[in-house]
Amino acid sequence: MVNRMRHNRSQRGSTRSHHGLKGIALTKCPDCSATVKRHQVCSNCGKYRGKVVINLEKKTKKTKTTKTSKKSEKKTEAK
Ligand SMILES: [Zn+2]
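Residues numbered from 1 in each chain as written. Predicted model: local features only at pLDDT ≥ 70, side-chain atom pairs only at ≥ 80, totals over all residues.

Chemist: So what about the overall build of the protein chain? Which residues, and what values?
Modeler: Broken down by element type, the protein chain carries two helices and four strands. Moving toward the C terminus, one meets the helices and strands of the protein chain in the order α-β-β-β-β-α. The buried share among the 79 residues of the protein chain stands at 3%. At a minimum sequence separation of 6, the contacts of the protein chain that also span at least 24 residues come to 0%. (Helix = DSSP H or I, 4+ residues; strand = E, 2+ residues; numbered from the N terminus. Buried ≥ 20, exposed ≤ 12 C-beta atoms within 10 Å, placed from the backbone. Contact = placed C-beta atoms within 7 Å.)

Chemist: I'd like a description of unusual backbone geometry, backed by residues and values.
Modeler: Non-glycine residue His39 carries a positive phi angle of around 65°. Here His39 lies in the loop between strand 2 (35-37) and strand 3 (47-48). Located in the positive-phi region is Arg49, a residue other than glycine, with phi close to 55°. With respect to the helices and strands, the residue Arg49 is situated in the loop between strand 3 and strand 4 (51-52). Owing to 9 C-beta atoms within 10 Å, Arg49 belongs among the exposed residues under this scheme.

If you want it as structure tokens, here you go:
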């Protein structure tokens, strides 16, 4: 970089005035009115644009059963 290309403080500052981060765009889910990131599936009801994408009822049931079975196994081993 040659010295003639150097910017002064105000030029540098005016350039950097546009470098700030913007907040995340949030909207409300039309079905359950939870706050959701734009263009993403609702984590509360698993819907995107009115359609069910993720069946959350099935997922929660699976995780619950696995957790309980692991705990019961540990208990039986200790005894
Ligand atoms: Zn929702």
